Amino acid sequence: MFHRKKSLLLFLLPGLIILILFYVAPFFEGFYYSMTDGTFYNRYVGFDNYGRLWRNQMFTLGLKNTILLSGIGALLLWLLSFLSALILQSVRHLRTSRSIFLMPYFLPSSVILLVWLVVFDFGGPVNKLLQSVGLERVMWLESADLRFTVLLMYLWKNFGVCLVVFLAGLQAIPVSLYEYATLEGAGIFTKAFRITLPQIRPVAMWCLLLAWINAIRSFADIYSISGAYPDEAVYTLQHYINNRLSRLDYQMATSAAFSFTVIIAVAWGIIFLARKSASEK
């Protein structure tokens, strides 16, 4: 057994080396840069950079928009995929079409972005449709309305993944629970939120986490569409960090990244503790 473990570690060693070189070491190096002054001597200044960061209006604006837009997108995706999974689970002849919803997730982001740029262009199909019904065209890609465009692209791309996760969780629920609830006169929403959701609580939490992570990652699309300085309504943390990196201001960029990391860790710690206390009751 000891020799088998040694051989296993030998096979894992190349992956561990790559993980340490490209993930662990840059993580600690970035934290070191966030606590230096950025001069030639790179002096240690403690948490002074974090103090200047939180007094910066552009950082607070980007942080507020990032939390707001990612929260709205994750909740919408979670609710939409959950309700759609309930419908697909109950309608038998729709079960064969589940794999179709996964297709957008496997498409390259550049392809999806190009399609969205064409569809929501000022002279694109969406604005032509608005003109056909007597409405004015909208600057979907240059104004605050870009929030709707990116949110719709995020939902379309990540809907299939959360849907499949929910469907996998629904298959583990005993059918007898629904039959008994039907005999007791329970309706569709009562079954969904009193039987289904409590039974798949771990799956639902994991899906919400996945939806939030993908929502935060989708803000790179806003930067690709609107550039470095978009409308204030769509200015996110991605813009602030990228703009600081373009100026070689690594101290403020890393401080912003680690501040956001702490916020996410605290938020999910609170959610985890709340879920644990609720399950114990």
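Now for a quick tour of the structure. (Residues numbered from 1 in each chain as written. Predicted model: local features only at pLDDT ≥ 70, side-chain atom pairs only at ≥ 80, totals over all residues. Heavy atoms only, no water.)

A closer look at the nonpolar core
Okay, step 1: Core analysis: the largest hydrophobic core is formed by 25 residues, its most contacted members being Leu-77, Tyr-154 and Phe-166.
Okay, step 2: Among the secondary structure elements, those contributing two or more residues to this core are α3 (57-90), α7 (146-170), α9 (188-199) and α10 (201-217).
Okay, step 3: When residues of this core are assigned to their parent elements, the largest contribution, nine residues, is made by α7.
Okay, step 4: Trp-116, Trp-140, Leu-146 and Ile-222 belong to the second-largest nonpolar core, a separate cluster that totals 15 residues. (Core = buried A, V, L, I, M, F, W, Y, C linked by side-chain atoms within 4.5 Å. Buried < 20%, exposed > 50% of the residue type's maximum accessible area, 1.4 Å probe, protein only. Helix = DSSP H or I, 4+ residues; strand = E, 2+ residues; numbered from the N terminus.)

Overview of unusual backbone geometry
Okay, step 1: A positive phi angle, near 50°, is found at Asn-42, a position not held by glycine.
Okay, step 2: Note on placement: Asn-42 falls in the loop between α1 (2-33) and α2 (48-54).

A few points about the packing of α3 against α9
Okay, step 1: Taken N-terminus to C-terminus, the directions of α3 and α9 make an angle of 95°; their axes are 12 Å apart at the nearest point. Taken together, the axes of α3 and α9 are roughly perpendicular relative to one another. Only Ala-192, Phe-193, Thr-196 and Leu-197 of α9 make contact with α3, whose side of the interface consists of Trp-78, Phe-82 and Leu-86.
Okay, step 2: Looking at the contact of α3 with α9, its residues break down into six nonpolar, one polar and no charged. (Axes fitted to C-alpha atoms, helices over the stretch in contact; angles between N-to-C directions. Parallel < 35°, antiparallel > 145°, perpendicular 65-115°, else oblique. Contact = heavy atoms within 4.5 Å. Nonpolar A, V, L, I, M, F, W, Y, C, P; charged D, E, K, R; others polar.)

With respect to helix α5 (residues 109-119)
Okay, step 1: For α5, the set of buried residues is Ile-112, Leu-113 and Trp-116. When α5 is viewed along its axis, its buried side chains cluster within an angular range of 100° and face the same direction. Set apart from the buried face of α5 by more than 90 degrees, the exposed residues are Ser-110, Leu-114 and Val-118.
Okay, step 2: Its buried side turned inward, α5 meets α4 (103-106), α7 and α11 (219-226). (Arc of directions from axis to C-beta.)

Quick look at the pattern of salt bridges
Okay, step 1: Counted according to the given criterion, the structure contains two salt bridges.
Okay, step 2: For Arg-43, the salt bridge is made with Asp-37, and the minimal N-O distance between the two is 3.9 Å.
Okay, step 3: Relative accessible area serves as the criterion here: at 29%, Asp-37 is assigned to the partly exposed category.
Okay, step 4: Between Arg-244 and Asp-249 there is a salt bridge, with its nearest N and O atoms 3.2 Å apart. (Salt bridge = Lys/Arg side-chain N within 4 Å of Asp/Glu carboxyl O.)

Details of the packing of α11 against helix α12 (residues 237-246)
Okay, step 1: The N-to-C vectors of α11 and α12 enclose an angle of 65°; their axes lie 8 Å apart at closest approach. In this structure, the crossing between α11 and α12 has a hand that is right-handed. Together, Phe-219, Ala-220, Ile-222, Tyr-223 and Ser-226 of α11 and Gln-238, His-239, Asn-242 and Asn-243 of α12 make up the contact between the two elements.
Okay, step 2: Class assignment of the residues belonging to the contact of α11 with α12 gives a composition of four nonpolar, five polar and no charged. (Left-handed = near helix turned anticlockwise from the far one by under 90°.)

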